[in-house]
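# Working through the structure, step by step
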Amino acid sequence: MSEPVDLRSDTVTRPSPEMRQAIVAATVGDNVYGEDPTVRELEDRVAALFGFGGAVFVPSGVMANQIGVRLLVAPGEELVCDSEAHVVTHEHAGLASHGGVQTRTVPAPDGLLDPDLLAETVRAGNHFTVGTRAVLVEQTHNRGGGTVYPLRRLRRIREVANRVGAALHIDGARVWNAHVATGEELSAYGELADTMAVSLSKGLGAPVGSLVLTTEASLADARRLRQRLGGGMRQAGLLAAAGLYALDHNIARLAEDHRNARLLAERLRGEGWTVRAPRTNIVVADVDDAPAVAERAAARGVLVSAFGPTRLRMVTHLDVDEAGCALAAAVLAEAARPTGAVA
Ligand SMILES: *Cc1c(COP(=O)(O)O)cnc(C)c1O
């Protein structure tokens, strides 16, 4: 059987031959001693792209979020985010268990916080109520379906946070997709945030790696937290080289993934499906029985995620082309038909 069309996530990409060459050619040193030149180059480059004082290379987006939030919120203090945020849905309660952080969530149907609702939730705190120390937003929003905060709305959120003296962390695992979809500069997002997490191993196609962005003054604390979490990687320049390659070659091409997501959504809609218009590279569709459709599609070589009992998620990326998306739509439509029905 040929390779499956894998739309479960944009994390499934494999390094291209050119990226592998960049890995082989990397100059390395001991990164825990701060001596890996390729890691340092990557950290400096990403910090500059977003306008931060510095960046710390970490193994995963989860670790980048844990460190970024903990630089802002001490144990026993509060973080406010939307109720479907990655930090509360997919990080195994890491903020609570490692960081002692209280998380309070606000419902947001498409994952994007409403500044007015947020204003009713954040609080300065008093002798019996802990104050909100930080607000977290996810750009783009994963479970919301790759949705994008317009800059205007982020600015309003920043103002709401400022009113109670709270900081802002942006979970920007897919911020590159927002940048390409809107044309906003990466630094426009960076300048609104106190800390930020960005990933190289989603749409950018690197095998491993994320960065946490912060002020120059907090870099030593960020590195201490990384060490405490066991994220100190030694000759990590091999991975950083893949990241540098991804920054050079794989940002602008995200537009292709966004086009393919629209194509997939249109084809499925043509089959009578209920599909949300994709803003970036994530397509969300509602079906009667998501696990059953996913299973039948998998048997025919198309892999998608059941994101709930009736919700499917499909993510486009650099290892799936237009033909793959067209094929996926046809296979999914077939997989969703009641058994025995004649097409
Ligand atoms: C994937 C993802 C993460 C975590 O990244 P990993 O590298 O898988 O740990 C964090 N936030 C968002 C929004 C994500 O989509």
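The structure we're discussing is the one just above.
Throughout what follows, the structure given in this document is the object of discussion. (Residues numbered from 1 in each chain as written. Predicted model: local features only at pLDDT ≥ 70, side-chain atom pairs only at ≥ 80, totals over all residues. Heavy atoms only, no water.)

## Structural notes on the overall build of the protein
Tallying secondary structure elements over the protein gives 14 helices and 13 strands in all. With respect to the three principal axes, the spread of C-alpha positions in the protein is 65 × 55 × 35 Å. The 343 residues of the protein split such that 54% are buried. Per element, the accessible surface of the protein, about 14,600 Å² overall, is 49% carbon and sulfur. For the protein, the separation between the mean place of its 35 positive charges and that of its 41 negative charges on side chains is 2 Å. (Helix = DSSP H or I, 4+ residues; strand = E, 2+ residues; numbered from the N terminus. Buried < 20%, exposed > 50% of the residue type's maximum accessible area, 1.4 Å probe, protein only. Areas by Shrake-Rupley, 256 points an atom, 1.4 Å probe, with all protein chains shown as cover. Lys, Arg positive; Asp, Glu negative; His and termini not counted. Charge placed at Lys NZ, Arg CZ, Asp CG, Glu CD.)

## Concerning the pattern of salt bridges
Using the criterion set out here, one finds 18 salt bridges in the structure. Residues D221 and R224 are paired through a salt bridge, measuring 2.6 Å at the closest nitrogen-oxygen approach. Linking D221 with R224, this pair stays in helix α10 (residues 219-228), spanning three residues, or about one helical turn. The partner of R253 in a salt bridge is E256, and the shortest N-O contact between them spans 3.9 Å. Overall, the relative accessible area of 16% leaves R253 in the buried class. Connected through salt bridges with shared partners, the residues E78, R104 and R123 form a single ionic network. (Salt bridge = Lys/Arg side-chain N within 4 Å of Asp/Glu carboxyl O.)

## A look at the sheet that holds strand β5 (residues 132-138)
One open sheet accounts for seven strands, arranged β2-β8-β7-β6-β5-β3-β4; its pairing is mixed. Of all strands in the sheet, those bounded by a partner on one side alone are β2 (54-58) and β4 (102-106). The mean angle between the axes of side-by-side strands here comes to 20°, regardless of whether they run parallel or antiparallel. Looking at chain direction, strand β7 (residues 195-199) and strand β8 (residues 210-214) are connected through four bridges and run antiparallel. Directly across from M196, in β8, lies its bridge partner L213. Across the sheet, α10 lies against β2 and β8, angled at about 10° from β2, the strand it touches most. (Pairing = 2+ DSSP bridges. Axes fitted to C-alpha atoms, helices over the stretch in contact; angles between N-to-C directions. Contact = heavy atoms within 4.5 Å.)

## Brief notes about the nonpolar core
Grouped together as the largest cluster of nonpolar side chains are 53 residues, with contacts concentrated most on L42, F50, F57, W176, M196, V198 and L200. Ranked by the residues each element gives to this core, the list is headed by helix α11 (residues 237-249), at six residues. With 28 residues, the next largest nonpolar core counts V5, A294, V302 and A333 among its residues. (Core = buried A, V, L, I, M, F, W, Y, C linked by side-chain atoms within 4.5 Å.)

## Here's the deal with the packing of aromatic side chains
Tallying each qualifying case throughout the model produces one aromatic pair. Relative to W176, the ring of F50 lies with its centre 5.4 Å away and its plane at 70°, an arrangement referred to as edge-to-face. With F50 in helix α2 (residues 37-50) and W176 in helix α8 (residues 175-182), this pair connects stretches of sequence that are 126 residues apart. Across this residue pair, the class does not change: F50 and W176 are buried. Seen from the ring of F307, R143 lies directly overhead, with NZ or CZ sitting 4.5 Å from the centre. (Phe/Tyr/Trp six-rings, centres within 6.5 Å; stacked < 30°, edge-to-face > 60°. Lys NZ or Arg CZ within 6 Å of the ring centre and 35° of its normal.)

## Structural notes on the site of the ligand
For the ligand, the full set of nearby residues is S60, G61, V62, N65, H86, E91, E138, N142, D171, A173, R174 and K202. Between the ligand and the protein, one listed contact pairs a nitrogen atom with a side-chain N or O atom of D171 at 2.7 Å. Side-chain polar atom of R174 to an oxygen atom of the ligand: 3.0 Å apart, as the coordinates give it. Contact with the protein chains hides 85% of the accessible area of the ligand, taken as 380 Å² for the molecule alone. (Near = heavy atom within 4 Å. Polar contact = N/O pair within 3.5 Å; in protein donor to acceptor, adjacent residues only side chain to side chain.)

## A word on α2
Owing to its 3.6 residues per turn, the α-helix brings residues three or four apart onto one side. The end-to-end C-alpha distance of α2 is 20 Å, a good match for the 20 Å that 14 residues give at a rise of 1.5 Å each. Regarding α2, the residues found buried are T38, V39, L42, E43, V46, A47 and F50. Buried residues in α2, looked at end-on, bunch into an arc of 165°, giving them a common side. Projecting away from the buried face of α2 at angles above 90 degrees are the exposed residues D44 and A48. N-capping of α2 is provided by D36, with a side-chain oxygen placed 3.0 Å from the backbone N of T38. (Expected span 1.5 Å × (residues − 1). Arc of directions from axis to C-beta.)

## Topic: the sheet that holds strand β9 (residues 274-275)
With antiparallel pairing, the four strands of this open sheet are ordered in space as β9-β10-β13-β12. Both outer strands of the open sheet, β9 and β12 (305-306), are each paired with one neighbouring strand and no more. In this structure, β9 lies alongside strand β10 (residues 282-286), joined through two bridges in antiparallel fashion. Bridged to V275 within β10 is A285. Each of β12 and β13 (311-315) touches helix α13 (residues 290-299); the most contacted strand, β13, lies at about 45° to it.

## Thoughts on α11
Between the first and last C-alpha of α11 there are 18 Å, a value that for 13 residues agrees with the 18 Å anticipated at 1.5 Å per step. Within α11 the residues assigned to the buried category are G237, A240, A241, A242, G243, L244, Y245, A246 and L247. Along its buried surface, α11 packs onto α1 (17-24), α2, β2 and α8.

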